[in-house]
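Report on the structure
This is what each chain is made of:
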Amino acid sequence: FDHYHSRLVMMATMRSVVCYGPRDYRMEQIAVPQVGPNEVLVKVLAVGICAGDAKCFAGAPHFWGDADRPAYVQPPVTPGHEFIGEVVRLGEGAAEKYSLQMGDHVVSEQIVPCRACRFCLRGGYHMCVPHDIYGFHQHSQGAMATYMKYPANSINHKVSKEIPAWQAAFIEPLSCSIHAVELANIQFNDVVVIAGCGPLGLGMVAAARDKNPAKLIALDMLDWKLDVARQCGADIVMNPSKCDAIAEIRKLTDNYGCDVYIEATGHPSAVVQGLHMLAKLGTFVEYSVFGKETTADWTIISDMKELTIRGGHLSPNCYPKAISMIANNKLPMEKIVTHKLPLEEVHKGLDLVNKSSESIKVVLIP
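Everything numeric in this text was worked out from a predicted model, so none of it was measured. (Residues numbered from 1 in each chain as written. Predicted model: local features only at pLDDT ≥ 70, side-chain atom pairs only at ≥ 80, totals over all residues. Heavy atoms only, no water.)

1. Description of the pattern of salt bridges
Between side chains of opposite charge, a pair can form as their charged atoms come close. According to the stated counting rule, one finds 13 salt bridges in the structure shown. Of the charged contacts in the structure, one is a salt bridge between Asp-104 and Lys-158, with a shortest N-O distance of 3.7 Å. Residue Asp-104 is found in the loop between helix 4 (94-98) and strand 5 (105-108), and its partner Lys-158 is found in strand 9 (residues 156-159); the two are separated by 54 residues along the sequence. With relative accessibility at 48%, the residue Lys-158 sits in the partly exposed group. Taking the shortest distance from any N to any O, the salt bridge between Arg-209 and Asp-235 comes out at 3.1 Å. Taken together, the residues Arg-209 in helix 8 (residues 199-211) and Asp-235 in the loop between helix 9 (223-232) and strand 12 (236-238) connect sequence positions 26 residues apart. We classify Asp-235 as partly exposed; its relative accessible area is 36%. A cluster of three or more residues bridged by salt bridges with shared partners is formed by Asp-210, Lys-321 and Lys-330. (Salt bridge = Lys/Arg side-chain N within 4 Å of Asp/Glu carboxyl O. Helix = DSSP H or I, 4+ residues; strand = E, 2+ residues; numbered from the N terminus. Buried < 20%, exposed > 50% of the residue type's maximum accessible area, 1.4 Å probe, protein only.)

2. Structural notes on the pairing of strand 2 (residues 24-31)
Every other side chain in a regular strand lies on the same face of the sheet, so the side chains alternate between the two faces. Pairing of strand 1 (residues 13-21) with strand 2 involves eight bridges; the strand directions are antiparallel. Across the sheet, the residue bridging to Val-17 is Met-27, located in strand 2. Connecting strand 1 to the next strand, strand 2, in antiparallel fashion are two residues, including Arg-23 with a positive phi near 60 degrees. (Pairing = 2+ DSSP bridges.)

3. Things to note about the nonpolar core
One recurring pattern in soluble globular proteins is that nonpolar side chains are buried together. Of all hydrophobic cores here, the largest spans 52 residues; its most connected members are Ile-171, Ile-262 and Ile-336. Here the element with the most residues in this core is helix 7 (residues 171-184); it accounts for eight residues. Counting residues in each nonpolar core, the second largest holds 46 residues, with Cys-19, Tyr-72, Val-362 and Leu-364 among its members. (Core = buried A, V, L, I, M, F, W, Y, C linked by side-chain atoms within 4.5 Å.)

4. Section: the packing of aromatic side chains
Per the counting criterion, the structure on display carries seven aromatic pairs. Seen from their ring centres, Tyr-134 and Tyr-150 are 6.1 Å apart, and the 55 degrees between their planes marks the pair as tilted. Here Tyr-150 lies in strand 8 (residues 147-150) and Tyr-134 lies in the loop between strand 7 (132-133) and strand 8, a separation of 16 residues in the sequence. Of the two residues, Tyr-134 and Tyr-150, neither departs from the other in class, the shared state being buried. Between Tyr-261 and Phe-284 the ring centres are 5.3 Å apart and the planes differ by 45 degrees, which places this aromatic pair in the tilted class. Linking Tyr-261 in strand 13 (residues 258-263) with Phe-284 in strand 14 (residues 278-286), this pair joins segments that are 23 residues apart in sequence. Tyr-261 gets classed as buried once you look at its relative accessible area, which sits at 0%. Put simply, the rings of Phe-63, Tyr-72 and Phe-136 pair up and form one aromatic cluster. Seen from the ring of Tyr-20, Arg-26 lies directly overhead, with NZ or CZ sitting 3.8 Å from the centre. (Phe/Tyr/Trp six-rings, centres within 6.5 Å; stacked < 30°, edge-to-face > 60°. Lys NZ or Arg CZ within 6 Å of the ring centre and 35° of its normal.)

Dropping the structure here:
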């Protein structure tokens, strides 16, 4: 095994998707990463396409900048931050630091923290200032390639080989869903609404099920995705294009409204819907990347309802729970991962994710 993979890694180049700019993603031969002390080289076994990847491809200002913010992406860069890899080379000290050996399956948390900024030093490593998320910055090249490097400051978790690679690629989005649910601080008597049954929303339904609220309700505009939400643990599902969801939630709650609303659609209308749907003193968790600005009446947040608004980003300390949920078959993974494509079909995958009506999770197999 060691000799075989060493021979492969000795090869100078590998296949990789390379992002040069909006809608400019190319399949190229690039250098295989070299590993230094405390670094890990893995053969990529599977890599998911995130809605963020698709919005980056489409040119969203969040990634490419606008009048108010600089560009986040540092092209040319290999995309991909939802992945699972097999260890093929360990830099000096890496085996001991991460308790790894050759051939292990290992996932790296999507951000490589600097461990020196204010947020890292205070424990909020997911808000690290250099913000080296895999697949966007030069220091943290992503997984849409044959091999990838986990840098020295990466946070790595061994994954059982019994979890198929196409399922293990879902650890990252599921960990994000878990973080959103943790932010909601769900109580036993709460009525919880999760808007959007894409990969993140379905993960939120499964994670919220573990919190055992009084009622767990999932919303989506596509009935087939609501069927999957039921399998993830939703008590009630609603299609807002076919019913007045706000009125239905009020009927279910003696006209109070829901206690928790988690927004996972990235669509402005779902924000306004949530503000109207929530009970007084309710909690709104926002966990989406938006393609455009959103406008709402903030008086609802303050004078009318005194709401708690929580923004969610990444998934600090949530990877172990995500790995456990997948290992224990807490989600209908065969229904969530709707497409497995070769790396060369990355453009087809991005289109599927951007359209979203025909897919839930799209996974590339390098």
